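Chain and residue survey
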Amino acid sequence: MKSFEVNFDGLVGPTHNYGGLSFGNVASQSNSQQASNPKEAALQGLEKMKALMDMGFVQGVLAPQERPDVAALRSLGFAGTDAQVIERAAKEAMPLLVASCSASSMWVANAATVSPSADTADGRVHFTAANLNCKFHRSIEHPTTSRVLGAMFADQQHFAHHAALPAVAQFGDEGAANHTRFCREYGEAGVEFFVFGRSAFDSRYPAPQKYPARQTLEASQAVARLHGLSEEGVVFAQQNPSVIDQGVFHNDVIAVGNGELLFHHQDAFLNTEQMLAELHGKLAARGGNFQSISVPRDQVAVEDAVRSYLFNSQLLSRADGSMLLIVPEECRANPRVWQYLQGLTAAGGPIREVKVFDLKQSMQNGGGPACLRLRVALNETELAAVNPGVIMTAPLYDTLTRWVNKHYRDALRESDLADPQLLLECRTALDELTQILKLGAVYPFQIN
Ligand code: SUG
């Protein structure tokens, strides 16, 4: 049976703004308070989806969330009508209003961890929504994420959904941003690679000193158990705490994997040799030939990786078996990174082509091509069971482009977030979107 890796990209929501909300994420902190352009952000994302579809990849779309999140503000004690809740939060606690307006659900690599059916004990595709509990503005995403994923992957014969892990730092879980899967073919059993930043219960694992490690070993282990993965099909590895302290807040900022290949920075992990040997051995037992490309620090420093997002790229398999790397414009702007990429594609290795995309609106908040997509490996039968409304087609692209142009603003500043009209605009747009994507009622304003 044929199998595919489907990329579901997060559609940027109408409240995209630069709130400076993510301590440890260099771009988010340095672009705080700048005016954003939600319309441009959404169109840039749609263009990437369309380009991948045009190249022959199966592409899906994941809906944004209702913002401002009035219910989150109510849970913090702001009361009255929706407009009064927003007005009071703006007056008394602006950072909370900003957090409740974040369009951060666009970075769907953090929406969930997904295990394909070939790896799981019950032969279904498993999803665990990420609790994202390191940051308040992200911790409020998972209830709606679960409803949206449930509406996209509704068929219980093929899809199993798990609620987010307990909402405490000991089980901090950031979803697929710290998870990669190696395999020979997408439909065959593979090796799932979980990367954590610290351990909550075992002090033998070193932790970063300056910035938070968002993913714990215990969270990754819990997800592997929930999904029914076997011991032979998983590898757990620790991120190098010193790169977290240099702004690598998720592993997908310093490594990306696809098929049998791991493309990573030399300094990405702790105990790298041992980890590579384990990956090699476990994939070999599944008939695969694990390979890795380590980018040396004397060619690309960690700082260059963080600024350019070289590793936050999409590594895609082409029909001829070679691979294509989708990188952000910032890679071309960095001479060392660009030179490295020229050498990489000329070397005759597995990565033969690089394609550049302008994702500046998302990049300025620390979200590159890989952050914007959730990978779901599916066989033909499973793909046929996905809600067809969320699979990208040329007409859907046109409809979504018109929808963005109709509803989105082209500038948003912090002062605009207090405008109760923004909530109405957002709800009107999302109500229409659920009809376009055939999701049914998934937003709080539609179900309460
Ligand atoms: O969680 N930025 C996101 C970026 C997430 C990137 N995702 C992956 N690497 N997979 C984060 O730090 C910034 C929001 C603001 O500051 O307005 C933000 O949430």
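These lines cover the structure that appears in this document, whether it is placed above or below. (Residues numbered from 1 in each chain as written. Predicted model: local features only at pLDDT ≥ 70, side-chain atom pairs only at ≥ 80, totals over all residues. Heavy atoms only, no water.)

Once that is clear, we can look at the pattern of salt bridges. Overall, the coordinates contain 23 salt bridges when judged by the stated rule. Put simply, Arg336 and Asp304 hold a salt bridge, and the shortest N to O gap is 2.8 Å. Separated by 32 residues along the polypeptide, Arg336 in helix H13 (residues 335-346) and Asp304 in helix H11 (residues 302-308) bring together distant segments of the chain. Classification of Asp304 by relative accessible area gives buried; the value is 7%. Residue Arg409 is joined to Asp419 by a salt bridge in which the shortest nitrogen-to-oxygen separation is 3.2 Å. On the criterion of sequence distance, the pair formed by Arg409 in the loop between helix H16 (394-407) and helix H17 (420-436) and Asp419 in the loop between H16 and H17 is long-range, its members being ten residues apart. (Salt bridge = Lys/Arg side-chain N within 4 Å of Asp/Glu carboxyl O. Helix = DSSP H or I, 4+ residues; strand = E, 2+ residues; numbered from the N terminus. Buried < 20%, exposed > 50% of the residue type's maximum accessible area, 1.4 Å probe, protein only.)

As a further point, take the site of the ligand. Looking at the ligand, there are 22 residues lining it, with Leu21, Ser22, His137, Asp252 and Cys371 nearest. Within the side chain of Ser28, an N or O atom sits 2.8 Å from an oxygen atom of the ligand. Contact with the protein chains covers 100% of the free accessible surface of the ligand, which is 490 Å². Of the residues belonging to the shell around the ligand, the class tally is seven nonpolar, twelve polar and three charged. (Near = heavy atom within 4 Å. Polar contact = N/O pair within 3.5 Å; in protein donor to acceptor, adjacent residues only side chain to side chain. Areas by Shrake-Rupley, 256 points an atom, 1.4 Å probe, with all protein chains shown as cover. Nonpolar A, V, L, I, M, F, W, Y, C, P; charged D, E, K, R; others polar.)

This part takes up the pairing of strand S2 (residues 59-62). Burial along S2 is two-sided: the residues Gln59 and Val61 and Gly60 and Leu62 are all buried. Taken together, the four bridges between strand S1 (residues 3-10) and S2 define a ladder with parallel strand orientation. Pairing of Asp9 across the sheet is with Val61, part of S2. (Pairing = 2+ DSSP bridges.)

The strand order S6-S7-S8 describes an open sheet built from three strands, whose pairing is mixed. Of all the strands in the sheet, the pair left with one neighbour each is strand S6 (179-182) and strand S8 (234-238). Strand-to-strand twist in this sheet, taken as the mean axis angle between neighbours without regard to direction, amounts to 20°. Two strands pair when backbone bridges link them, and strand S7 (residues 191-196) and S8 are joined in this way by five bridges, in the parallel orientation. Paired with Phe194 across the strands is Phe236, a residue of S8. Where helix H8 (residues 217-226) meets the sheet, it contacts S7 and S8, and its direction lies at approximately 155° from that of S7. Helix H10 (residues 272-285) contacts S6, S7 and S8 of the sheet and is inclined by roughly 170° relative to S8. (Axes fitted to C-alpha atoms, helices over the stretch in contact; angles between N-to-C directions. Contact = heavy atoms within 4.5 Å.)

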